[in-house]
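# Examination of the molecular architecture
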Amino acid sequence: MPLVVMDYVWTQTETTLYINVPLKGTKAGKVDIVCTDDYLKVHFPPYLFEAFLFEPVDDDRIAVRVANGCAVITLPKRTNKVWEHLMINNKEKMEIRQRALLKYHEKLSSESRNKAAKQQEENKYALETVIKLEKEERDSIQKIKDAEQEKTTQELAAWHFRQQQKAEQDVQLKLQNQKAKARQLRTETERQKCGPPNQEKMKLGDNSNAKSKKAQHELPPPRLSGNIQVTFTPRIFPTALRESRLPEEEEWLRKQAETWRKVNVDVGELKNLKEEERNPYWLKDKGDKCFATGDFLGAVNAYSLAIRVMGKIPALHSNRAACHLKLRNFHKAIEDSSQALDLLTPPVPANAAARVRAFVRRGSAFCELQAYPEGLQDFLAALKIDPNNEALLVDTQRIRDIIQGSAVNPPSETE
């Protein structure tokens, strides 16, 4: 049985009621207070204070302050008047208590639901904001590309125009040379009809013939150049279309899409996203582009969303580990690298390069945390997979030197 507190003090005005309950040395964190419009409970084991209020109060504006070993409860009245008593004296206290506790729990449940809904709205707004910013960035980059393409097209058109003018000038020059040659031949013919030429005339004739032969051996102008547009059929698979088996590929793509849809059913926050934004490979490509442009936080968001959609892709964890290394979140980098290595099983030649990257990223994170022996183990594991990697050999030797006390700089991540 709890001990009932009797040494409480209460005062009132026409609008407000004040109740002062001594806590008898109990810390504030161990005090449980329940307030409704007609019931008040202050429980601090083994003591209990209950008040079945004389009239209803405004439970939305109740204020509680715990300080100096006392709990001061401020209760605004619904009706502005002075009460004759603090509590009622009838036999319905049990029913009032149960009704008040039920109402209090319903209020807590409603507040919890409202808080969860608000949190979901905030998360949705944050995700939409990130996607909007990324779209604006893509549009800006596309505008720059379009401007550069237009500039290049104009320059190419100007070059073609200059080449065409040059070709026309060469044709005109050739026609002029041919006309000059014809006039010279006519002149020589007329001189021969008039009489035998003297030595000086013969010399001039020889020079004219040499010039004529030289003009005949001149090369023609080059042909006009042009571009041939070559397009390729879009392919999801790396093999050429002529080497592919379409029925098997379409079946594989259908199963992949069905798997994404089943996974997305369990992710409630993604139901408002587009179909492509729920594709983990599309999100991975977005993360890769963010990483390439130096937006490491945006890359982490893209990889994290892809992992929530389909967390069994090793490259997502490994790439997010690389982002955490850039952001100096070394513990998270270790966690993601370890997850990637767990998924890269069994070890086969096809995933050798991915395992090397995961070992190097985890080893780099260990070294940044000055856990050099653990980092050396990961670099040795990577070197066992790729023994001819010169960068790995250099970094491994550097870690050995640090452990032996002959070097001070830890190795960086090796791509």
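Treat the numbers as computed from the prediction; the structure is a model and nothing was measured.

Tallying each qualifying case throughout the model produces 12 salt bridges. With a shortest N-O distance of 3.4 Å, glutamate 134 and lysine 286 are connected by a salt bridge. You can see glutamate 134 sitting in helix α1 (residues 93-194) and its partner lysine 286 sitting in helix α4 (residues 280-292), a full 152 residues away along the chain. With a relative accessible area of 12%, lysine 286 lands in the buried category. Lysine 289 serves as the salt-bridge partner of aspartate 285, at 3.4 Å between the closest nitrogen and oxygen. With aspartate 285 and lysine 289 both in helix α4 and 4 residues apart, this pair spans about one turn of that helix. On the basis of relative accessible area, aspartate 285 is assigned to the partly exposed category, the value being 37%. Owing to a relative accessible area of 53%, lysine 289 belongs among the exposed residues under this scheme.

Moving on, we get to the sheet that holds strand β3 (residues 16-22). Reading across from one edge, β2-β3-β8-β7 is the order of the 4 strands in this open sheet, with antiparallel pairing throughout. The open sheet has two edge strands, β2 (9-12) and β7 (63-67), and neither has a second partner. Strand-to-strand, the axes of this sheet are offset by a mean angle of 15°, without reference to chain direction. Pairing analysis gives 5 bridges linking β7 to strand β8 (residues 70-76), with the strands arranged antiparallel. Across the sheet, arginine 65 pairs through a bridge with valine 72, a residue of β8.

Close contact between α4 and helix α6 (residues 314-326) brings their axes to 11 Å; oriented N to C, the two are set at 25°. In terms of their interaxial angle, α4 and α6 are classed as roughly parallel. Every pair of crossing elements has a handedness; the one defined by α4 and α6 is left-handed. Contacts from Pro280, Lys284, Asp288 and Phe291 of α4 reach α6 at Ala315, Leu316, Asn319, Ala322, Cys323 and Lys326. The residue makeup of the contact of α4 with α6, split by class, is 6 nonpolar, 1 polar and 3 charged.

This part covers the UniProt feature "repeat: TPR" (unreviewed entry) in the protein. As annotated by UniProt and renumbered to match this structure, "repeat: TPR" (unreviewed entry) occupies residues 356-389. Split by type, residues 356-389 is 79% helix and 0% strand. Its first and last C-alpha atoms lie 10 Å apart.

What follows concerns the sheet that holds strand β5 (residues 39-44). One open sheet holds the 4 strands; their spatial order is β1-β6-β5-β4, and the pairing between them is mixed. Here the strands that pair on one side only, and so sit at the sheet edges, are β1 (3-4) and β4 (32-35). In this sheet, strand β6 (residues 47-52) lies alongside β1 in parallel orientation, the contact comprising 2 bridges. Each bridged residue has a counterpart across the sheet, and for leucine 3 the counterpart in β6 is tyrosine 47.

Below, the discussion takes up α6. A rise of 1.5 Å per residue sets the reference length of α6, with its 13 residues, at 18 Å; its end C-alpha atoms lie 19 Å apart and thus fit the reference within 8%. In terms of residue burial, α6 counts as a mostly covered element, since 10 of its 13 residues are buried. All buried positions along α6 are accounted for by Leu316, His317, Ser318, Asn319, Arg320, Ala321, Ala322, Cys323, His324 and Leu325. Next to the buried residues of α6 lie α4, α5 (296-309), α7 (330-343) and α8 (352-368). Following α6 by one or two positions, arginine 328 adopts a phi angle in the positive range, close to 65°.

What follows is about the packing of aromatic side chains. This model, assessed by the stated rule, comprises 5 aromatic pairs. Judged by centre distance (6.4 Å) and plane angle (50°), the ring pair of phenylalanine 54 and tryptophan 83 falls under tilted. You can see phenylalanine 54 sitting in the loop between β6 and β7 and its partner tryptophan 83 sitting in the loop between β8 and α1, a full 29 residues away along the chain. Of note, lysine 24 hangs over the ring of tyrosine 47, and the distance from its end group to the ring centre comes to 5.5 Å.

Further remarks concern the pairing of β6. The buried count for β6 comes to 5 of 6 residues, which makes it a mostly enclosed element. When β5 meets β6, the two strands line up antiparallel, connected through 6 bridges. Among the inter-strand pairings, histidine 43 is bridged to a residue of β6, identified as leucine 48. The hairpin formed by β5 and β6 contains 2 residues between the paired strands.

Residues Ile19, Leu40, Val42, Phe49, Leu53, Ile73 and Leu75 are the most contacted members of the largest nonpolar core, which totals 22 residues. For this core, the secondary-structure elements that each account for two or more residues are β3, β4, β5, β6 and β8. In this structure, valine 42 is in contact with Val31, Asp32, Ile33, Tyr47, Leu48, Phe49 and Ile73, ignoring residues within four places of it in sequence. Of all hydrophobic cores here, the second largest spans 15 residues; its members include Leu341, Val356, Leu392 and Ile399.

With 15 residues, helix α10 (residues 390-404) extends 21 Å between its outermost C-alpha atoms, agreeing within 8% with the 21 Å of an ideal straight helix rising 1.5 Å per residue. Those residues of α10 lying buried are Leu392, Asp395, Thr396, Ile399 and Ile402. Viewed along the axis of α10, the buried residues span an arc of 115°, placing them on a single side of the element. Residues of α10 that are exposed and point over 90 degrees away from its buried face: Glu390 and Gln404. Buried positions along α10 lie against α8 and α9 (372-385). The first or second residue beyond α10 is glycine 405, which carries a positive phi of 90°.

Criteria and cut-off values
Numbering of residues starts from 1 in each chain and follows the order in which that chain's sequence is written. Only residues with pLDDT of 70 or above have their local features reported here, since the model is predicted, and side-chain atom pairs are shown and tallied only from 80 upward, although totals for entire chains, interfaces and linings are computed over all residues. With hydrogens and water set aside, each side-chain value is computed from the structure's full complement of heavy atoms. The salt bridge definition used is simple: a Lys or Arg side-chain nitrogen within 4 Å of an Asp or Glu carboxyl oxygen. Secondary structure elements follow DSSP: runs of H or I no shorter than four residues count as helices, runs of E no shorter than two count as strands, and numbering proceeds from the N terminus. Summary of the burial criterion: residues with accessible area below 20% of their type's maximum are buried, those above 50% are exposed, and those between are partly exposed, where the area comes from a 1.4 Å probe applied to protein chains only. For two strands to be treated as a pair, DSSP must find no fewer than two bridges joining them. Whenever a helix is involved, its axis is fitted only over the stretch in contact; in every case the axis is a line through C-alpha atoms, and angles between N-to-C directions fall within 0 to 180 degrees. Roughly parallel covers angles under 35 degrees, roughly antiparallel covers those over 145, roughly perpendicular covers 65 to 115, and oblique covers all other angles. For any pair of crossing helices, the crossing counts as left-handed if the nearer helix is rotated counterclockwise from the farther one by less than a right angle, and right-handed if it is rotated clockwise. We call two residues in contact when some of their heavy atoms are within 4.5 Å. Side-chain classes follow a simple rule in which Ala, Val, Leu, Ile, Met, Phe, Trp, Tyr, Cys and Pro form the nonpolar group, Asp, Glu, Lys and Arg form the charged group, and the remainder, Gly included, forms the polar group. UniProt positions are given in the numbering used here, feature names are shortened, and annotations may be inferred rather than shown by experiment. To estimate how far a helix should reach, multiply one less than its number of residues by 1.5 Å. Pairs were defined over the aromatic rings of Phe, Tyr and Trp, the Trp ring being its six-membered one, requiring ring centres within 6.5 Å. Orientation was assigned from the angle between planes: stacked under 30 degrees, edge-to-face over 60, tilted for the rest. By definition here, charges over rings are those cases where NZ of Lys or CZ of Arg is within 6 Å of the ring centre and within 35 degrees of the ring normal. By convention a nonpolar core is built from buried Ala, Val, Leu, Ile, Met, Phe, Trp, Tyr and Cys residues, the set being connected through side-chain atoms within 4.5 Å. Of all possible arcs, the one meant is that of the directions from the helix axis to the C-beta atoms.

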